[in-house]
Amino acid sequence: MLKRRQVIGTVFSAAALSILPVSAQNVRKGIIVVYSRTGNTFGLAQRIHEKTGYPIIRLELVKPYAENYNDMTYLARDEIRSDARREIATKIPDLSGYTDIYVGGPYWWGGLDVPMRTFLKDQPLDGKRIHPFITSGSSSPRGAIEDIRRLCAKATIEPHFYSSSSEVSSALNNLDKWIEESLKG
């Protein structure tokens, strides 16, 4: 015969289990996608990875940009003005199971870099939560954020993180706060 405590304990345990349903809809899964020519933006991606555990996909190009900054920058300007594409060599996994996509890239000539634009054009990110992080030599990220909103029109664009390239290492505390906020939503 069961003792009264055993019966009450069994009832409470069953009730507790029915209150805590596990649903795949409640589970958020993230990934970090980054293009970084100089390493500044990739440094931010690494910090996001350290804080979240999310995997990083670093976009590599079939035909990389010239090492010489002047040669690269004028070509990038022309590509942005003509809405050109850059073929991505990196194999992109199926992103359908991810809810949160952290998208990082440099700000070039009034907008988001061409490799990241190519990625956003090619990937179906409808319904995803996009968390932009942008670096720039000196400009504000406004044009890059506008590009992300345009290219991810059916996604939720979350608040962005921005750092000038020269301040990346000193911006880590602010980045940590941004990461913490991005995980709450």
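What comes next concerns the included structure. Since the structure is predicted, the reported quantities are computational estimates derived from the model, not experimental observations.

Rules used throughout
- Residues numbered from 1 in each chain as written.
- Predicted model: local features only at pLDDT ≥ 70, side-chain atom pairs only at ≥ 80, totals over all residues.
- Heavy atoms only, no water.
- Helix = DSSP H or I, 4+ residues; strand = E, 2+ residues; numbered from the N terminus.
- Buried < 20%, exposed > 50% of the residue type's maximum accessible area, 1.4 Å probe, protein only.
- Core = buried A, V, L, I, M, F, W, Y, C linked by side-chain atoms within 4.5 Å.
- Contact = heavy atoms within 4.5 Å.
- Axes fitted to C-alpha atoms, helices over the stretch in contact; angles between N-to-C directions.
- Parallel < 35°, antiparallel > 145°, perpendicular 65-115°, else oblique.
- Left-handed = near helix turned anticlockwise from the far one by under 90°.
- Nonpolar A, V, L, I, M, F, W, Y, C, P; charged D, E, K, R; others polar.

1. A few points about unusual backbone geometry
Right, on to step 1. Not every positive phi belongs to a glycine, and Asp83 is a case in point at roughly 55°.
Right, on to step 2. Relative to the elements of secondary structure, Asp83 occurs in the loop between helix H3 (69–81) and strand S3 (100–108).
Right, on to step 3. Taking the relative accessible area as the measure of exposure, Asp83 reaches 39% and is therefore partly exposed.
Right, on to step 4. Of note in the backbone geometry, Trp109 takes a positive phi value of approximately 45° without being a glycine.
Right, on to step 5. Relative to the helices and strands, Trp109 is located in the loop between S3 and strand S4 (111–112).
Right, on to step 6. Residue class for Trp109 comes out partly exposed when judged on its relative accessible area of 40%.

2. So, the nonpolar core
Right, on to step 1. If you look at the biggest cluster of nonpolar residues, it comprises 33 residues, and the most contacted ones within it are Leu59, Phe119, Leu120, Ile130 and Ile148.
Right, on to step 2. Of all the elements in the fold, those that place two or more residues in this core are strand S1 (30–34), H3, S3, helix H4 (114–122), strand S5 (129–136) and helix H5 (142–151).
Right, on to step 3. Once residues within four sequence positions are removed from consideration, Leu120 is found in contact with Val103, Leu112, Leu125, Ile148, Leu151 and Cys152.
Right, on to step 4. Of all hydrophobic cores here, the second largest spans 15 residues; its members include Ile32, Phe42, Phe161 and Trp178.

3. A look at the packing of H4 against H5
A pair of packed helices can be characterised by two numbers: the angle between their axes and the separation between those axes.
Right, on to step 1. One way to put it is that H4 packs onto H5 with a least axis distance of 9 Å and a crossing angle of 20°. Classified by the angle between their axes, H4 and H5 sit roughly parallel to one another. Seen along the crossing, H4 lies across H5 with a hand that is right-handed. Mapping the contact onto sequence places Arg117, Leu120 and Lys121 in H4 and Asp147, Ile148, Arg150 and Leu151 in H5.
Right, on to step 2. Residue composition of the contact of H4 with H5, grouped by class: three nonpolar, no polar and four charged.

So yeah, pure geometry; function would need other evidence.
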